[in-house]
Amino acid sequence: MALVSTKEILEKADKGGYAVGAFNINNMETVIAIIDGAVELNSPVIVEVSEGAIRYMGIKMAVGMVKSLAEEVPIPVALHLDHGKRWDTVIDAIENGFTSVMIDASDKPYNDNVEITKKVVDVAHKAGVSVEAELGRLPGSEDELSVEEREAFLVDPEQAESFVAQTGIDFLAPAIGTSHGAFKFKGESKLDFERLKLVKEKTQIPLVLHGASSVNENLIETAIKYGIELQGARGLSDDILRRAVREGINKVNTDTDLRIAFTAGIRKILLEDSRVFDPRKILGPARDFMKEVVKERIEVLGSVNK
Ligand code: G3H
Ligand code: 13P
Ligand code: ZN
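Analysis parameters
- One numbering rule holds for all chains: residues counted from 1, following each sequence as written.
- Written order determines the labels here, with chains lettered from A and ligands numbered from 1.
- This being a predicted model, a pLDDT of at least 70 is required before a residue's local features are given, and a value of 80 or more before pairs of side-chain atoms are given or counted; all residues contribute to the totals for chains, interfaces and linings.
- Note: side-chain values were computed over all heavy atoms of the structure, leaving out hydrogens and water.
- Runs of H or I in DSSP of at least four residues are treated as helices and runs of E of at least two as strands, each being numbered from the N terminus.
- In this setup the radius of gyration rests on C-alpha atoms only. A globule is expected at 2.2 Å times the number of residues raised to 0.38.
- When a residue's accessible area, from a 1.4 Å probe over protein chains only, is under 20% of the maximum for its type it is buried; when over 50% it is exposed; and in between it is partly exposed.
- Should any heavy atoms of two residues lie within 4.5 Å, those residues are counted as being in contact.
- Method for areas: the Shrake-Rupley scheme with a 1.4 Å probe, in which residue coverage is limited to the protein chains shown.
- By the counting scheme adopted, Arg and Lys are positive, Glu and Asp are negative, and His together with the chain ends is not counted.
- Charged groups are reduced to one reference atom each: NZ for lysine, CZ for arginine, CG for aspartic acid, CD for glutamic acid.
- Here a Phe, Tyr or Trp ring, Trp counted by its six-membered ring, pairs with any other such ring whose centre lies within 6.5 Å, and the pair is stacked when the planes are under 30 degrees apart, edge-to-face when over 60, and tilted otherwise.
- Over a ring means this: the NZ of a Lys or the CZ of an Arg is within 6 Å of the ring centre and within 35 degrees of the ring normal.

*Asks:* What exactly am I supposed to notice about the overall build of the protein here?
*Replies:* Of the regular secondary structure elements, the protein holds 13 helices and eight strands. In terms of overall size, the protein behaves like a compact globule, its C-alpha atoms giving a radius of gyration of 19 Å where 306 residues would be expected to give roughly 19 Å. Seen through its C-alpha atoms, the protein measures out along the principal axes to roughly 60 × 45 × 35 Å. A burial count over the protein gives 56% of its 306 residues as buried. Within the protein, contacts between residues separated by at least 24 positions form 78% of all contacts whose residues are at least 6 apart in sequence. Carbon and sulfur atoms form 50% of the exposed surface of the protein, whose accessible area is close to 13,600 Å². Taken together, the 38 basic and 50 acidic charged side chains of the protein have centroids lying 2 Å from each other.

The following block contains the structure:
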């Protein structure tokens, strides 16, 4: 079917008490892995593209791949701009058929974040495109910051309420203790659930969890087996993620797990068979590894058959 409104997908998830996976793409293999995985579980899915990914493959290529594959499948597929920082990219995404955009001015002072976000909402809504914004900041791994410093990065629930009212955004990404990449926690994974609960109560809109990759034991074991240096990597456990969904998260972003799976798949085949030089034989297994990640995530988020 044609691309579907991200807002519709997420409002349905909010009402139904589940979350929809938002997976980052960088190439054709990722697009196919994501959409095939979602089709096999009859789940809605959000395909997202970062500014870096747009620089890498071009916006027309990204839209062309996602749109054409979405049209061939029976599940709802949305196309989202991830971490839009530049005005030009946001406008480009709106003009090229994205169904939602994220404007990420979370590193700016609060009033500037409001002003920039509001401007994007005005333009995007006129075009029927929904908008995500972020409040609070996602730091790097735990190693880089003290507990107090990390705490200072988290979202303020009162501010979240005003932010939503002032900007008119459709979904909010509140910083509640995750970070991007493969090294999120030193010990067990944890999130500030009290804060999440308050943000949900006060905003009453779909919430987004960034930095949500699992970096689970299987993935690390496979990655290390084929030579990726990932000792000490740790992501968000499935239990913590399930609880976050119960407390009001409706969109869950995953990139790192896909990157690890892709690279592990490529390294596996190249290490196991030095006679292989057909790209399809190298990228095919990588695609299969990523599809398994997508399916595992969808099961945890509860969007199977939705
Ligand atoms: O949250 C960021 C995503 O993982 C995209 O990363 O900007 O390196 O493409 P990127
Ligand atoms: P991970 O690095 O945990 O996969 O997070 C991805 C993300 O938040 C994309 O916006
Ligand atoms: Zn993110």
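*Asks:* Which parts of the structure should I look at to understand the packing of aromatic side chains?
*Replies:* For any pair of aromatic rings, the description rests on two quantities: the centre-to-centre distance and the angle between the ring planes. The full count for this structure, using the stated rule, is one aromatic pair. Note that Lys119 overlies the ring of Trp87, its terminal NZ or CZ placed 5.7 Å from the centroid.

*Asks:* Is there a simple way to think about unusual backbone geometry in this case?
*Replies:* Most peptide bonds take the trans form, and the phi angle of most residues other than glycine is negative. The residue Asn42 is not glycine, and still its phi comes out positive at about 50°. For Asn42, the location among the structural elements is in the loop between helix 2 (28-40) and strand 2 (45-50). The class for Asn42 is partly exposed, based on a relative accessible area of 36%. For Gln204, which is not glycine, the phi torsion reads 55° and is therefore positive. Here Gln204 shows up in the loop between helix 9 (193-203) and strand 7 (207-209).

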